[in-house]
Amino acid sequence: MVNDLPVRRLLRRALAAAPLALLAACSSPPPDTQQPAFYRSLASAGASVDAASAAGMISAYRRNHGLPPVAVDAALQREAQAEAERMATADRPSSADAVKQRLAAAGVASPAVNLSAGYHTVAEAFSGWRESPQHDRTMLAPGATRLGIATAYAPGSKYKVYWALIVASP
């Protein structure tokens, strides 16, 4: 009779290790997937809002209300970025009325603005603005066809992220 004790031990070890190997395979991280831009946190240095994605979200919302879409406008984008940076430097939101007056004086047609702080993602900002009657009116400005949207990170601030949305007519 052949001694098969070493084979049995080897088989027992393999069977004992199988559940551990299966568990390790299940707990490994999923393949790298791209998080949608509107869920990406902007509360870090170097992070910036994806203006095209934000414009798409706001345009879909406008279409649901019978309004035309808005497109990213380079000049409004620069204005929004400058305003977000001003707020982050001052560590407080600016006056929307003062910003609208400045934009109108510079020749921007029918400017409307949302200035806010504390939202870390586009989705959070959009939801917050949609729930605020004043901010919702800006997103649903009837004559708006273009926008600029920007954020600025303020690491020492309790808000962390400052937002500027500017919509305007052609």
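Residues numbered from 1 in each chain as written. Predicted model: local features only at pLDDT ≥ 70, side-chain atom pairs only at ≥ 80, totals over all residues. Heavy atoms only, no water.

*Asks:* In this structure, what is going on with the packing of helix α2 (residues 51-64) against helix α5 (residues 122-131)? I would like to understand it.
*Replies:* Axis angle and axis distance: for two packed helices, these are the angle between their axes and the distance between the axes, and together they describe the pair. Where α2 contacts α5, the axes come no closer than 11 Å and their chain directions differ by 30°. Judged on the interaxial angle alone, α5 and α2 are roughly parallel. Handedness of the crossing formed by α2 with α5: right-handed. Side by side, α2 and α5 meet where A54, M57, I58 and Y61 of the first sit next to V122, F126 and R130 of the second. In the contact of α2 with α5, the residues fall into six nonpolar, no polar and one charged. (Axes fitted to C-alpha atoms, helices over the stretch in contact; angles between N-to-C directions. Helix = DSSP H or I, 4+ residues; strand = E, 2+ residues; numbered from the N terminus. Parallel < 35°, antiparallel > 145°, perpendicular 65-115°, else oblique. Left-handed = near helix turned anticlockwise from the far one by under 90°. Contact = heavy atoms within 4.5 Å. Nonpolar A, V, L, I, M, F, W, Y, C, P; charged D, E, K, R; others polar.)

*Asks:* Is there a simple way to explain the pairing of strand β4 (residues 161-168) in this structure?
*Replies:* The side chains of a regular strand alternate between the sheet's two faces. Of all eight residues making up β4, eight are buried, and the element is well covered by its neighbours. Going residue by residue along β4, you find V161, W163, L165 and V167 tucked away on one face and Y162, A164, I166 and A168 tucked away on the opposite face as well. Of the strand pairs in this sheet, strand β2 (residues 112-117) and β4 are connected by six bridges, and their pairing is antiparallel. Across the sheet, A112 pairs through a bridge with V167, a residue of β4. Alignment of strand β3 (residues 146-153) against β4, held across eight bridges, turns out to be antiparallel. (Buried < 20%, exposed > 50% of the residue type's maximum accessible area, 1.4 Å probe, protein only. Pairing = 2+ DSSP bridges.)

*Asks:* Sorry if this is basic, but what is going on with the packing of helix α3 (residues 74-90) against helix α4 (residues 96-105) here?
*Replies:* One way to put it is that α3 packs onto α4 with a least axis distance of 13 Å and a crossing angle of 145°. In terms of crossing hand, the pair formed by α3 and α4 is right-handed. Across the interface between the two elements, E79, E83 and R86 from α3 touch V99, R102 and L103 from α4. Of the residues contributing to the contact of α3 with α4, the split by class is two nonpolar, no polar and four charged.

*Asks:* Sorry if this is basic, but what is going on with the packing of aromatic side chains here?
*Replies:* How two aromatic rings sit relative to each other is given by the distance of their centres and the angle of their planes. Applying the stated rule across the entire model yields three aromatic pairs. An angle of 90° between the planes, with centres 5.9 Å apart, marks the rings of W129 and W163 as edge-to-face. Of this pair, W129 sits in helix α5 while W163 sits in strand β4, and the two are 34 residues apart along the sequence. When the centroid spacing of 5.8 Å and the interplanar angle of 75° are considered together, the rings of Y159 and Y162 count as edge-to-face. (Phe/Tyr/Trp six-rings, centres within 6.5 Å; stacked < 30°, edge-to-face > 60°.)

*Asks:* Mind showing me how you'd approach the side chain of T121 here?
*Replies:* Relative to the assigned elements, T121 resides in the loop between β2 and α5. Setting aside its immediate chain neighbours within four residues, T121 contacts F38, Y39, R40, S41 and W163.

*Asks:* Looking at this model, I keep getting lost on the side chain of N114. Mind explaining?
*Replies:* With respect to the secondary-structure elements, N114 resides in strand β2. Residue N114 is classed as buried on the basis of its relative accessible area of 0%. Reaching out from N114, the side chain makes a polar contact with the side chain of T138 at a distance of 3.0 Å. Non-local contacts of N114, meaning those with residues more than four positions away in its chain, are made with W129, Q134, H135, T138, M139, W163, A164 and L165. (Polar contact = N/O pair within 3.5 Å; in protein donor to acceptor, adjacent residues only side chain to side chain.)

*Asks:* I would appreciate a short explanation of α5 in the present structure.
*Replies:* Residue pairs three or four apart in sequence face the same way in an α-helix, which turns once every 3.6 residues. For α5, every residue scored as buried is listed here: V122, A123, A125, F126, G128 and W129. Contacts from the buried residues of α5 go to α2, β2, α6 (133-139), β3 and β4.

*Asks:* How should the pattern of salt bridges be read in this particular structure?
*Replies:* Between side chains of opposite charge, pairing is possible as soon as their charged atoms come close. Taken as a whole and judged by the stated rule, the model has six salt bridges. Here K100 ties to D97 by a salt bridge, and the two come within 3.6 Å at their closest N and O atoms. With K100 and D97 both in helix α4 and three residues apart, the pair spans about one turn of that helix. In this structure, R130 and E131 form a salt bridge, with 3.5 Å as the shortest nitrogen-oxygen distance. When salt bridges that share partners are traced, they join E79, E83, R86 and R102 into one network. (Salt bridge = Lys/Arg side-chain N within 4 Å of Asp/Glu carboxyl O.)

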